[in-house]
Amino acid sequence: MGIRKITSYRYCPAFRNVFLVVLGCLILAFGDAVFFTPFEIVSGGAVSIGIIVAHFFNDSVLVNDIVVAAFQVAFFLIGLFVLGKKFSAHTLLATIAYPLFYTLFLRTGAGSAITEALMEYKEPDGTIAMTSVLLAGIFGGAIGGLGCALTFLGHGSTGGFDILVFIISKYTSIKEGVSSFCIDALTIIAGVCVLQDWVGAMIGIISAFVAALFVQYFYVYSQSTLIVDIISEKTDEIMDYIHVNMDHGTTLIDTVGGYTGEDRTMLRVIIYRHEMNDLSDYIASVDPKAFVSFTVAKFINGEGFTPFRHYSRKNEEPSLVEEAPQNENKKEEKKED
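### Remarks on unusual backbone geometry
Phi is positive for Gln196, close to 55°, though the residue is something other than glycine. As for its placement among the helices and strands, Gln196 is situated in the loop between α8 (176–195) and α9 (198–220). Located in the positive-phi region is Asp247, a residue other than glycine, with phi close to 60°. With respect to the helices and strands, Asp247 occurs in the loop between α10 (235–244) and β2 (250–256).

This is the structure:
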């Protein structure tokens, strides 16, 4: 395999991650500016904080801009200290891109045709029809959840509360979709206290739930793990690709063909579901006749995947372990008697 081929495989993931983070920020900013902000739907995230703060000012657009940008910078600094430089490097891109896209949609009126179409439907008293607000909440939640999921897949985040989601995921066993929904729920409660709009709050809850479902499907599901068994004539090349480009360890297993009786070496690796296509494409490019099986793993613990966590319990049994030698001594005393 030539040097150019190795280099291309090494740098493709980096460009892919940058693309996913930027695209995720663009989609999220579109949903926030077109659906959430005009209808003052508080469903979580930096834009909801902006809506709450803007309630106390006349020029809500200007205040929203400033609050969202300040919120992003503040949580970026938190992520820098807690999650480390590598994560913050990806998040820095989102910290710049998301407020920029949000400002662009908000101030230029891009996508305003959708907002105006929803606002055309009125109640008898002249207020915006509740069905329009509900549709805005559902579509805003779906678009926002998709945007967040894409940035997660790019090994970054959209900043803001997403950083708290990753902090919770790092130190607990709570999934990203669950923690995101809980944080959004607290933001909605704050919105109720300020805006005094219970119907809007219920729509915000529906929106947050839809967003959590999209994160769960597009990110958490894609992050599920697979056990891959590979029998190939190009075992060394495939193993080098997995080590260098995918940053996964491998295991070599000696096998014997039941029909042919030939001694073969089977390569086993644990990968994430979203990496399946990349590995399959590479194997197909070097050995189209390779035999490969993909098995869904229920849970993987260890280096490179979810680390083992030990949760202390009040009624755990360290005292029983300490008393064991004493019990053994008593048994020996009885034997001597």
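### Let's talk about a nonpolar patch on the surface
On the surface, Leu134, Leu135, Ile138, Phe139 and Ile206 cluster together into a nonpolar patch covering about 390 Å² of accessible area. Element by element, the count of residues in the nonpolar patch is highest for helix α6 (residues 130–153), at 4 residues. For Leu135, the position within the fold is in helix α6. By relative accessible area, Leu135 is classed as partly exposed at 40%.

### Comments concerning the nonpolar core
Counting residues in each nonpolar core, the largest one holds 48 residues, and the members touching the most others are Cys25, Ile41, Tyr98, Tyr102 and Tyr219. Mapped onto this core, the elements with two or more residues apiece are α1 (3–39), α2 (46–54), α3 (60–82), α4 (85–108), α6, α7 (161–171), α8 and α9. For this core, the element with the most residues is α1, which contributes 11 residues. Every residue in contact with Tyr102, bar those within four places of it in the chain, is listed here: Ala29, Asp32, Ala33, Thr37, Val47, Asn64, Asp65 and Val68. In terms of nonpolar packing, the next biggest core, distinct from the first, is built from 16 residues, Val228, Ile230, Ile242 and Val269 among them.

### Quick look at the confidence of the model for the chain
Counting all residues, the mean pLDDT for the chain is 80, and 80% of those residues have values of 70 or more. Confidence, read as mean pLDDT per element, is least for helix α12 (residues 318–336) in the chain (43) and greatest for α10 (93). Taken as a whole, residues 1–10 scores under 50 in pLDDT and shows 11 contacts with residues more than four places along the chain or in a different chain. Here residues 311–337 scores under 50 on pLDDT; set against residues more than four positions off or in separate chains, the count is 4 contacts.

### Re the environment of Ala149
Positionally, Ala149 belongs in helix α6. Sequence separation between Ala149 and Val215 is 66 residues; the distance between their C-alpha atoms is 5.0 Å. Residues in contact with Ala149, not counting those within four places in the same chain, are Phe214, Val215, Phe218 and Tyr219.

### Some words on the pattern of salt bridges
Note that side chains of opposite charge can pair when their charged atoms are close. Inspection of the entire model under this criterion finds 3 salt bridges. The salt bridge involving Arg107 is made with Asp65; its shortest N-O contact spans 2.3 Å. Here the residue Arg107 occupies a position in helix α4, and Asp65 occupies one in helix α3, the gap between them amounting to 42 residues. Classification of Asp65 by relative accessible area gives buried; the value is 8%.

### Considerations on the packing of α10 against helix α11 (residues 276–286)
Following both chains from N to C, one finds α10 and α11 inclined at 150°, their axes separated by 10 Å at the closest point. By the angle between their axes, α10 is roughly antiparallel relative to α11. When you trace α10 past α11, the crossing you get is right-handed. Contacts between α10 and α11 pair Glu237, Ile238, Tyr241 and Ile242 from the former with Asp278, Leu279, Tyr282, Ile283 and Val286 from the latter. Looking at the contact of α10 with α11 residue by residue, the classes come out as 7 nonpolar, no polar and 2 charged.

Conventions we followed
Residues numbered from 1 in each chain as written. Predicted model: local features only at pLDDT ≥ 70, side-chain atom pairs only at ≥ 80, totals over all residues. Heavy atoms only, no water. Helix = DSSP H or I, 4+ residues; strand = E, 2+ residues; numbered from the N terminus. Patch = residues over 30% accessible without salt bridge, like charges linked within 9 Å, V, L, I, M, F, W, Y side chains within 5 Å. Areas by Shrake-Rupley, 256 points an atom, 1.4 Å probe, with all protein chains shown as cover. Salt bridge = Lys/Arg side-chain N within 4 Å of Asp/Glu carboxyl O. Buried < 20%, exposed > 50% of the residue type's maximum accessible area, 1.4 Å probe, protein only. Core = buried A, V, L, I, M, F, W, Y, C linked by side-chain atoms within 4.5 Å. Contact = heavy atoms within 4.5 Å. pLDDT = per-residue confidence, 0-100. Axes fitted to C-alpha atoms, helices over the stretch in contact; angles between N-to-C directions. Parallel < 35°, antiparallel > 145°, perpendicular 65-115°, else oblique. Left-handed = near helix turned anticlockwise from the far one by under 90°. Nonpolar A, V, L, I, M, F, W, Y, C, P; charged D, E, K, R; others polar.

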